[in-house]
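Chain by chain, the residues run as shown.
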Amino acid sequence: EKFLWNRIENIYENEGFKPDEVKCVIIPCQKNGIKNIGDIKIKLEALQSLRKEASFESITTIFKRATNILNQAKKQKLQIPEKVNVSLLQEEAEKKLYEKYSLTDQELISLIETKNYSEAISKLNDIKPFLDLFFEKVMVMCEDENLKLNRISLINFITDRFNSFVSLSSLQ
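Notes on the structure follow.

Reading the values: rules and limits
- Residues numbered from 1 in each chain as written.
- Predicted model: local features only at pLDDT ≥ 70, side-chain atom pairs only at ≥ 80, totals over all residues.
- Heavy atoms only, no water.
- Helix = DSSP H or I, 4+ residues; strand = E, 2+ residues; numbered from the N terminus.
- Rg over C-alpha atoms; globule rule 2.2 N^0.38 Å.
- Buried < 20%, exposed > 50% of the residue type's maximum accessible area, 1.4 Å probe, protein only.
- Contact = heavy atoms within 4.5 Å.
- Areas by Shrake-Rupley, 256 points an atom, 1.4 Å probe, with all protein chains shown as cover.
- Lys, Arg positive; Asp, Glu negative; His and termini not counted.
- Charge placed at Lys NZ, Arg CZ, Asp CG, Glu CD.
- Axes fitted to C-alpha atoms, helices over the stretch in contact; angles between N-to-C directions.
- Left-handed = near helix turned anticlockwise from the far one by under 90°.
- Salt bridge = Lys/Arg side-chain N within 4 Å of Asp/Glu carboxyl O.
- Polar contact = N/O pair within 3.5 Å; in protein donor to acceptor, adjacent residues only side chain to side chain.

**Some details on the overall build of the protein**
- When its secondary structure is counted, the protein shows 7 helices and 0 strands.
- If you list the helices and strands of the protein from N to C, you get α-α-α-α-α-α-α.
- Relative to a compact globule of 172 residues, whose C-alpha radius of gyration would be 16 Å, the protein shows 17 Å and is just as compact.
- Along the first, second and third principal axes, the C-alpha atoms of the protein reach 50 × 30 × 25 Å.
- Taking all 172 residues of the protein together, 44% fall into the buried category.
- Counting contacts in the protein only where the partners sit at least 6 residues apart, residues at least 24 apart contribute 77% of the total.
- Carbon together with sulfur atoms contributes 48% to the accessible area of the protein, which is approximately 9,400 Å² in total.
- Considering the protein, the positive charge centre built from 26 side chains and the negative charge centre built from 26 side chains are found 4 Å apart.

**Overview of the packing of helix α1 (residues 2-14) against helix α2 (residues 19-32)**
- Packing of α1 against α2 leaves a shortest axis separation of 10 Å and a crossing angle of 145 degrees. Relative to α2, α1 is oriented so that their crossing is right-handed. Between α1 and α2, the residues in contact are W5, I8, E9, Y12 and E13 and P19, V22, K23, I26, C29 and Q30, respectively.

**Topic: the pattern of salt bridges**
- One pass over the full model with this rule turns up 12 salt bridges.
- The residue E15 makes a salt bridge to K41 at a minimum N-O spacing of 3.0 Å. Separated by 26 residues along the polypeptide, E15 in the loop between α1 and α2 and K41 in helix α3 (residues 40-51) bring together distant segments of the chain.
- Classification of E15 by relative accessible area gives partly exposed; the value is 43%.
- The partner of D126 in a salt bridge is K123, and the shortest N-O contact between them spans 3.3 Å.

**Structural notes on the environment of S58**
- On the secondary structure map, S58 appears in helix α4 (residues 56-75).
- Relative accessible area serves as the criterion here: at 28%, S58 is assigned to the partly exposed category.
- Taking C-alpha positions, S58 is 8.5 Å from K128, a pair spaced 70 residues apart along the chain.
- Separated by 2.9 Å, the side chain of S58 and the backbone oxygen of S55 make a polar contact.

**Concerning unusual backbone geometry**
- Unlike most non-glycine residues, K77 shows phi in positive territory, near 55 degrees.
- Relative to the helices and strands, K77 is located in the loop between α4 and α5 (92-113).
- On the basis of relative accessibility, which here comes to 67%, the residue K77 falls in the exposed class.
- One non-glycine residue, K115, lies in positive phi territory at about 60 degrees.
- Counting through the fold element by element, K115 comes out in the loop between α5 and α6 (117-137).

In structure tokens, the structure reads:
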């Protein structure tokens, strides 16, 4: 199986896609199985297009930060709740992020199901200001264990959906 994925990576790199773009798209395909192999080129083209936008670098930085927090939580063996507890959202920035992403998530699901990856990836621009504000105003790894776990759950809620079709934290 590893040989197959390496071969697929080589094919797309030979077509002119950057190695980090290919990895960004291949990683979710490996997790989701071979059934999504036909979508790789569509995702790569969508990613290439978004990468030309001025906001793209800051979006990937935010996703790397979110991934680092999630990895840190996993290293600490924290039990991340599957769902965000809305009653534990205290800061205005986390409430707004949750509200915005809850609305965006339904659109995102629909866009992914219809393979409109370009539009799905561009949804990052919609939530970027809310993520910026969240990371600026909210202390995720706070002392209160319930708040910390809920904030990590919020980050996980957002990154999971995007990571299901494109692994932005893999980009250089």
